[in-house]
Amino acid sequence: MNDHVLVVGAGGFVGRHLVRTLSSHGEKVIAVSRHHVDHGAQGVESIIAELTEPEQYTRLLDRCRAVVHLASRSTPGSSAGRPVDEVLENLLPLAALLQAMQQEPQVELLYLSSGGSLYESTSDAPATEASHMQPRSYHGAAKAAAECLVNSWCQQYGGRATLLRPSNIYGPGQIERPGFGIVPACFGRIVRGETLAVWGDGSIVRDYLYIDDFIGLCMEVLATPMSAGARTLNASSGIGISLNELFRLIEVVTDKPLPRNYELHRVVDARHIVMDPGTARSHYGWMPVTPLEEGLRKTWDWFNTTRH
């Protein structure tokens, strides 16, 4: 019976939150990850695997009503100088999924793309889904290519897909990992009394989105039948803030100093990225509700709890 939601990349920060939320809403979930994850939720079937062949997906798709593809093995920084890895580790698994879905066009696809690695604003106006994509990194280029692959699948096989371009997602459950998330990186340095290395002078502007708000949009998309074709949505707060202002807020929330050392600007980092969430609002009535300072406080509380 086609009543499951297949979540690929279920072991990541977003994946773990989404699996728990789907389960709490009574959904049957097939959670695929590269490592064991205890989701601690009812109705979750866990599979430890790296799916890189269409046949691996085929045996799962005939049980599913939707697929959520969250898996990614890179960041803009980690992809530097590694275009082959982007193809093998990110595009190849997606292509295998799409080839398998050619036989299951009724299964809907929710694909996690990127906003931060695709856009670069040339003015103060937030980027819309129609804004020109300007990926600076191989990671961003692979996301652009992935969107093209999904669009081609929809055009050729009558597929139905939603492409979410999130801004910088943060929140409880986001562990500190090199290159993945500025917020846990800051908290970790504060806890250990270490100095944060900052690429550039801290003036670059980004858009931050709390994890619960992002998961809320995912749930709205999965609860609403998709129309034929691919729809692209920004998932963002629509509010830009510089790194230096983010650091100031983190010091306010933690009541501790954040030592930092400013280094040369990286070519892969765009100067200004703020995204307009208006399309998601018009289609789903969705708007983020968590102010940045509140979200940072909740994240700091979780970060401290996990250390004891």
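Residues numbered from 1 in each chain as written. Predicted model: local features only at pLDDT ≥ 70, side-chain atom pairs only at ≥ 80, totals over all residues. Heavy atoms only, no water.

## Regarding the overall build of the chain
If you tally the helices and strands in the chain, you get nine helices and twelve strands. A compact globule built from 308 residues should have a C-alpha radius of gyration of about 19 Å, and the chain, at 19 Å, falls within 12% of that. Dimensions of the chain, computed from the C-alpha atoms along their principal axes, are close to 55 × 45 × 40 Å. Across the 308 residues in the chain, those meeting the buried criterion constitute 51%. Sequence-distant contacts in the chain: of pairs separated by 6 or more residues, those separated by 24 or more amount to 78%. (Helix = DSSP H or I, 4+ residues; strand = E, 2+ residues; numbered from the N terminus. Rg over C-alpha atoms; globule rule 2.2 N^0.38 Å. Buried < 20%, exposed > 50% of the residue type's maximum accessible area, 1.4 Å probe, protein only. Contact = heavy atoms within 4.5 Å.)

## A word on the side chain of Asp3
Inspection of the secondary structure puts Asp3 in the segment before strand 1 (4-8). One polar contact links Asp3 to His4, side chain to side chain, over a distance of 2.9 Å. Not counting the four nearest positions on each side in its chain, Asp3 is found in contact with Glu27, Lys28, Arg63 and Arg65. (Polar contact = N/O pair within 3.5 Å; in protein donor to acceptor, adjacent residues only side chain to side chain.)

## Details of the nonpolar core
Core analysis: the biggest nonpolar cluster contains 55 residues, and Val7, Phe214 and Leu296 have the highest contact counts within it. Of the residues forming this core, the biggest block, eight residues, is contributed by helix 6 (residues 211-223). When near neighbours in sequence (up to four residues on either side) are disregarded, Val7 contacts Val19, Leu22, Val29, Ile30, Ala31, Val32, Val68 and Leu70. Core analysis: the second largest hydrophobic core is formed by 28 residues, Tyr57, Leu61, Val107 and Val150 among them. (Core = buried A, V, L, I, M, F, W, Y, C linked by side-chain atoms within 4.5 Å.)

## What about the pattern of salt bridges?
One pass over the structure, following the stated rule, counts 14 salt bridges. When the shortest N-O distance is used, the salt bridge between Glu176 and Arg189 registers 3.0 Å. One end of the pair, Glu176, is in the loop between strand 7 (168-170) and helix 5 (182-192); the other, Arg189, is in helix 5, with 13 residues separating them in the sequence. Residue Glu194 pairs with Arg192 through a salt bridge whose shortest N-O separation is 3.1 Å. (Salt bridge = Lys/Arg side-chain N within 4 Å of Asp/Glu carboxyl O.)

## Quick notes on the sheet that holds strand 1
Pairing is parallel across the open sheet formed by seven strands, whose spatial order is 3-2-1-4-5-6-10. Whereas interior strands pair on both sides, the edge strands pair on one side only; in this sheet they are strand 3 (44-48) and strand 10 (229-235). Across the sheet, the mean angle separating the axes of adjacent strands is 15 degrees when strand polarity is ignored. As paired strands, strand 1 and strand 2 (residues 28-33) are joined by five bridges and run parallel to one another. By the bridge assignment for strand 2, Val8 is matched with Val32. Packed on one face of the sheet, helix 1 (residues 13-24) meets strand 1, strand 2, strand 3 and strand 4 (64-69) and runs near 165 degrees to strand 2. Contacts from helix 4 (residues 138-157) reach strand 5 (108-112), strand 6 (160-166) and strand 10 within the one sheet, and its direction differs from that of strand 6 by about 165 degrees. (Pairing = 2+ DSSP bridges. Axes fitted to C-alpha atoms, helices over the stretch in contact; angles between N-to-C directions.)

## Brief notes about unusual backbone geometry
Phi at Asp255 is positive, roughly 60 degrees, even though this residue is not glycine. Looking at where Asp255 falls in the secondary structure, it is placed in the loop between helix 7 (243-254) and strand 12 (260-263).

## Focus on the packing of helix 5 against helix 9 (residues 292-306)
Closest axis-to-axis distance for the helix 5/helix 9 pair is 11 Å, and the angle between their directions is 50 degrees. Of the possible angle classes, the one that applies to helix 5 and helix 9 is oblique. The interaxial crossing formed by helix 5 with helix 9 has right-handed handedness. For the pair helix 5 and helix 9, the contacting residues are Val183, Pro184, Phe187, Gly188, Ile190 and Val191 in the first and Leu296, Thr299, Trp300 and Phe303 in the second. When the residues that make up the contact of helix 5 with helix 9 are grouped by side-chain class, the tally is eight nonpolar, two polar and no charged. (Parallel < 35°, antiparallel > 145°, perpendicular 65-115°, else oblique. Left-handed = near helix turned anticlockwise from the far one by under 90°. Nonpolar A, V, L, I, M, F, W, Y, C, P; charged D, E, K, R; others polar.)

## Quick look at a nonpolar patch on the surface
There is a patch of nonpolar side chains on the surface, built from Val84, Val87, Leu88 and Leu92 and spanning about 350 Å² of accessible area. Considering the arrangement of structural elements, one finds Leu88 in helix 3 (residues 83-101). (Patch = residues over 30% accessible without salt bridge, like charges linked within 9 Å, V, L, I, M, F, W, Y side chains within 5 Å. Areas by Shrake-Rupley, 256 points an atom, 1.4 Å probe, with all protein chains shown as cover.)

## Details of the packing of aromatic side chains
Taken as a whole and judged by the stated rule, the model has five aromatic pairs. Ring geometry for Phe187 and Trp300: centres 4.9 Å apart, planes at 55 degrees, overall tilted. Taken together, the residues span a long stretch of sequence, with Phe187 in helix 5 and Trp300 in helix 9 at a distance of 113 residues. By the burial criterion, Phe187 is buried, and Trp300 matches it. Joined through ring pairs, the aromatic side chains of Phe187, Trp300, Trp302 and Phe303 make up one cluster. (Phe/Tyr/Trp six-rings, centres within 6.5 Å; stacked < 30°, edge-to-face > 60°.)

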